[in-house]
Amino acid sequence: GVLASIGQALEVAQDGDVILLKHGEASREIKVRPTDLKPGISVTLKAHDAANPPILVMDKDFTDKDSYLFKVRAGRLVLEDLEILLDPGTADFDSRSIVQLGEGAQCAFNKCNVRLRSTLKTELYAVTFLDAANMAKMEAPTPPAARAELTECFVRGKGDLVNLRDSQHLNVEVKHCFIVLT
């Protein structure tokens, strides 16, 4: 079916779903409100037309000081053939991330163009690994280390590729990427 927002699509997503994203005629930008992936599922967000991909931007109406486009506590999120722009504008935020990952969560960027545009003191990150103190603890065996993968991506701007907030094990794999960050 056709849904009006990425948040709505992720609410009804099932394990293994591929969600095709298509921008409007007036603009390539798709505003994204901070969205949590349902625990335990793997979902891919992919451009409907890789030659003319949408640009994912954070909805400016969302004003939390420390925010994200996507939070994955347990599961896997793949972003493919997309452009992603983090630009807090003139607002005063502490940090912004494309993806926040919990213990054992995974994300992958495949053939993405990522721009981090900060004009103030806002810290920008492609991926933030959440600290264990801010996550709800479950009585379960220790999950595998969180994992971020970037394949054939172009990442540029003012910010960091990875933000590690706590001393923990993580895996970051970068293949065939061009990364220019200040």
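Above: the structure in question.
About the thresholds
Residues numbered from 1 in each chain as written. Predicted model: local features only at pLDDT ≥ 70, side-chain atom pairs only at ≥ 80, totals over all residues. Heavy atoms only, no water. Helix = DSSP H or I, 4+ residues; strand = E, 2+ residues; numbered from the N terminus. Buried < 20%, exposed > 50% of the residue type's maximum accessible area, 1.4 Å probe, protein only. Contact = heavy atoms within 4.5 Å. Phe/Tyr/Trp six-rings, centres within 6.5 Å; stacked < 30°, edge-to-face > 60°. Core = buried A, V, L, I, M, F, W, Y, C linked by side-chain atoms within 4.5 Å.

Visitor: Explain the environment of Gln14 to me, please; I cannot follow it from the model alone.
Guide: Within the secondary structure, Gln14 sits in the loop between helix H1 (6–12) and strand E1 (18–21). We classify Gln14 as partly exposed; its relative accessible area is 48%. Taking the C-alpha atoms as reference, Gln14 lies 23 Å from Leu150; in sequence the two are 136 residues apart. The residues touching Gln14, leaving out its near neighbours within four places in the chain, are Lys38, Ser42 and Val43.

Visitor: Looking at this model, I keep getting lost on the packing of aromatic side chains. Mind explaining?
Guide: Taken as a whole and assessed by the stated rule, the structure comprises one aromatic pair. With a centroid separation of 5.4 Å and an interplanar angle of 35°, the aromatic rings of Phe154 and Phe178 are classed as tilted. With Phe154 in strand E14 (residues 154–157) and Phe178 in strand E17 (residues 178–181), this residue pair connects regions lying 24 residues apart in the sequence.

Visitor: Just to check I follow, could you spell out the nonpolar core for this structure?
Guide: One recurring pattern in soluble globular proteins is that nonpolar side chains are buried together. The biggest cluster of nonpolar side chains holds 42 residues, and the ones touching the most others in it are Leu45, Phe70, Leu79, Ile98, Val99 and Phe109. Among residues more than four places away in sequence, those in contact with Ile98 are Tyr68, Leu69, Phe70, Leu79, Ile84, Leu86, Phe109, Val114, Tyr125 and Ala126.

Visitor: Is there a simple way to explain the side chain of Thr44 in this structure?
Guide: Note on placement: Thr44 falls in strand E4 (residues 41–47). With a relative accessible area of 14%, Thr44 lands in the buried category.

Visitor: Please clarify how unusual backbone geometry should be interpreted in this entry.
Guide: In most cases, non-glycine residues show a negative phi, while peptide bonds are predominantly trans. For Asp81, which is not glycine, the phi dihedral falls at a positive 55°. By the element assignment, Asp81 lies in the loop between strand E7 (75–80) and strand E8 (83–86). Residue Glu152 is not a glycine yet carries a positive backbone phi of 50°. Relative to the helices and strands, Glu152 is located in the loop between strand E13 (146–151) and E14. On the basis of relative accessible area, Glu152 is assigned to the partly exposed category, the value being 44%.

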